[in-house]
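Topology and contacts: notes
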Amino acid sequence: MTIDGGRLHLAVQKSGRLSHNTRELLRGAGFRIQEGKNDLAARVENFPLDLMLVRDDDIPTFVADGVCEFGVVGRNVLEEAAAEAGTAPVEVVAPLGFGQCSLRIAAPERTVYEGPQSLAGERIATSYPRLLQRFLDRHGVDATIVRMSGAVELAPRLQIAGFICDLVSTGATLEANGLRPVETLLESEAVLIRTTRPLSPDKAELGEQMLSRIEGVLATQESKYIMLNAPEEALEQIAAMLPGAEAPTILPLAGRPGHFAVHAVCKESVFWETLQKLKSAGASAILVVPIEKMMM
Ligand code: ATP
Ligand code: ZN
């Protein structure tokens, strides 16, 4: 992989469960990704940024070594890498709100499970041996870890192991294989990570610009702009009801003494129930509009 000195490098999963959402996030932040023939990297046309297309397991190392200044990876992969003795650290900059899953121990439905002690002397198949070992150590349980790189959920049926420790999102795969979760080791989602190696001032500045755009997208995902009218006596109560809003703008309504327009950015989801409560408190002409871009 050749590294171009003046550009930032973001390690992303080449193809897999994180690829689509990672690209969507970057597009949403205004980065135009060139879909070239090169299958190791993709260039961003309108910003000095290159995406390094790699296996997710390699992302923590690339970022720790400073080969890539930033990366997008599941917390599960990051923690498994970090649990290896002597691994260089990376900084978690922001959770990205996709790729949610949890690392769980599961067993065939008929297996009796009465807490971690039930794992003593058992065989557990997993692709996350270090996180599993940490869990077992924490509970003082001795069990045999069977490392598998995929299709872990088949292990009990193949009689390779009595338990598995694997990523679960909806639970449908477990269910389809006659398994039920018994322990949760980790809640995970995709995170943006940054190298702890010092960056040149130019790169640090580019990094800040990239982060500020990404944070802008994350902030707008739930945010809404609310406008409503209200009589003066209801203003205080209404302002307190606006979800996640700081310092709403309050303007007098022309030709309606004692009535005001209230405008606010709400940084949490706005539900119909909220609107109903605002209306009951005296608000009228309530408008909720999406926010396209936001820079804090
Ligand atoms: P690679 O070829 O890059 O090594 P992979 O097969 O290890 O890919 P994927 O299955 O694409 O990885 O999963 C990537 C990440 O997606 C996981 O590490 C995890 O953070 C997240 N993820 C979300 N839901 C799930 C799920 N149900 N099963 C597995 N991973 C999930
Ligand atoms: Zn992987």
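Now for a look at the structure at hand. (Residues numbered from 1 in each chain as written. Chains lettered and ligands numbered in written order. Predicted model: local features only at pLDDT ≥ 70, side-chain atom pairs only at ≥ 80, totals over all residues. Heavy atoms only, no water.)

Summing up its helical and strand segments, the chain has eight helices and 15 strands in all. For 296 residues, the compact-globule formula gives about 19 Å, and the C-alpha radius of gyration of the chain, at 25 Å, lies well above that figure. Oriented by its inertia axes, the alpha-carbon framework of the chain measures out at about 80 × 55 × 35 Å. Taking all contacts inside the chain whose residues are at least 6 apart in sequence as the whole, residues at least 24 apart take part in 70%. On the chain, roughly 16000 Å² of surface is accessible, and the fraction owed to carbon and sulfur atoms is 50%. Side chains of the chain carry 29 positive and 38 negative charges; the gap between the two charge centres is 4 Å. (Helix = DSSP H or I, 4+ residues; strand = E, 2+ residues; numbered from the N terminus. Rg over C-alpha atoms; globule rule 2.2 N^0.38 Å. Contact = heavy atoms within 4.5 Å. Areas by Shrake-Rupley, 256 points an atom, 1.4 Å probe, with all protein chains shown as cover. Lys, Arg positive; Asp, Glu negative; His and termini not counted. Charge placed at Lys NZ, Arg CZ, Asp CG, Glu CD.)

The subject of this paragraph is the pattern of salt bridges. In this structure the tally under the stated criterion is 15 salt bridges. One salt bridge in this structure joins Glu80 and Arg130, with 3.7 Å as the shortest N-O distance. Remark: Arg130 occurs in helix α4 (residues 129–138) and Glu80 occurs in helix α3 (residues 75–82); sequence separation between them is 50 residues. Since its relative accessible area comes to 7%, Glu80 is described here as buried. Exposure remark for Arg130: the relative accessible area of 27% places this residue in the partly exposed category. (Salt bridge = Lys/Arg side-chain N within 4 Å of Asp/Glu carboxyl O. Buried < 20%, exposed > 50% of the residue type's maximum accessible area, 1.4 Å probe, protein only.)

Here we take up the site of ligand 1. The full set close to ligand 1 counts 15 residues, and Arg17, Arg55, Asp57, Asn76 and Ser169 are the nearest of them. Arg55 is positioned with one of its side-chain polar atoms (N or O) 2.7 Å from an oxygen atom of ligand 1. Burial of ligand 1 by the surrounding chains reaches 76%, relative to a free accessible area of 630 Å². When the residues that make up the shell around ligand 1 are grouped by side-chain class, the tally is four nonpolar, seven polar and four charged. (Near = heavy atom within 4 Å. Polar contact = N/O pair within 3.5 Å; in protein donor to acceptor, adjacent residues only side chain to side chain. Nonpolar A, V, L, I, M, F, W, Y, C, P; charged D, E, K, R; others polar.)

Listed as buried for helix α1 (residues 19–28) are Ser19, Thr22, Arg23, Leu25 and Leu26. The buried residues of α1 all sit within an arc of 155° when viewed along its axis, so they share a single face. Buried residues belonging to α1 abut β1 (8–13), β2 (41–43), β3 (49–54), β4 (70–74) and α6 (201–222). Once α1 ends, the next one or two residues include Gly30, with phi positive near 90°. (Arc of directions from axis to C-beta.)

Let us now look at α4. Taken together, the buried positions of α4 are occupied by Pro129, Leu131, Leu132, Phe135 and Leu136. End-on, the buried residues of α4 take up no more than an arc of 165°, which puts them together on one face. Projecting away from the buried face of α4 at angles above 90 degrees are the exposed residues Asp137 and Arg138. Structurally, α4 contributes buried residues whose contacts are with α3, β6 (101–108), β7 (123–126), β8 (144–147), β9 (163–168) and β10 (179–188). One or two positions beyond α4, positive phi appears at Gly140, with a value near 60°.

Two numbers describe a pair of aromatic rings. These are the distance of the centres and the angle of the planes. One pass over the full model with this rule turns up two aromatic pairs. Relative to Phe47, the ring of Phe31 has its centre 5.1 Å away and its plane inclined at 70°; by these criteria the two rings are edge-to-face. Of the two residues, Phe31 sits in the loop between α1 and β2 while Phe47 sits in the loop between β2 and β3, which places them 16 residues apart along the sequence. A single burial state applies to Phe31 and to Phe47, both of which are buried. (Phe/Tyr/Trp six-rings, centres within 6.5 Å; stacked < 30°, edge-to-face > 60°.)

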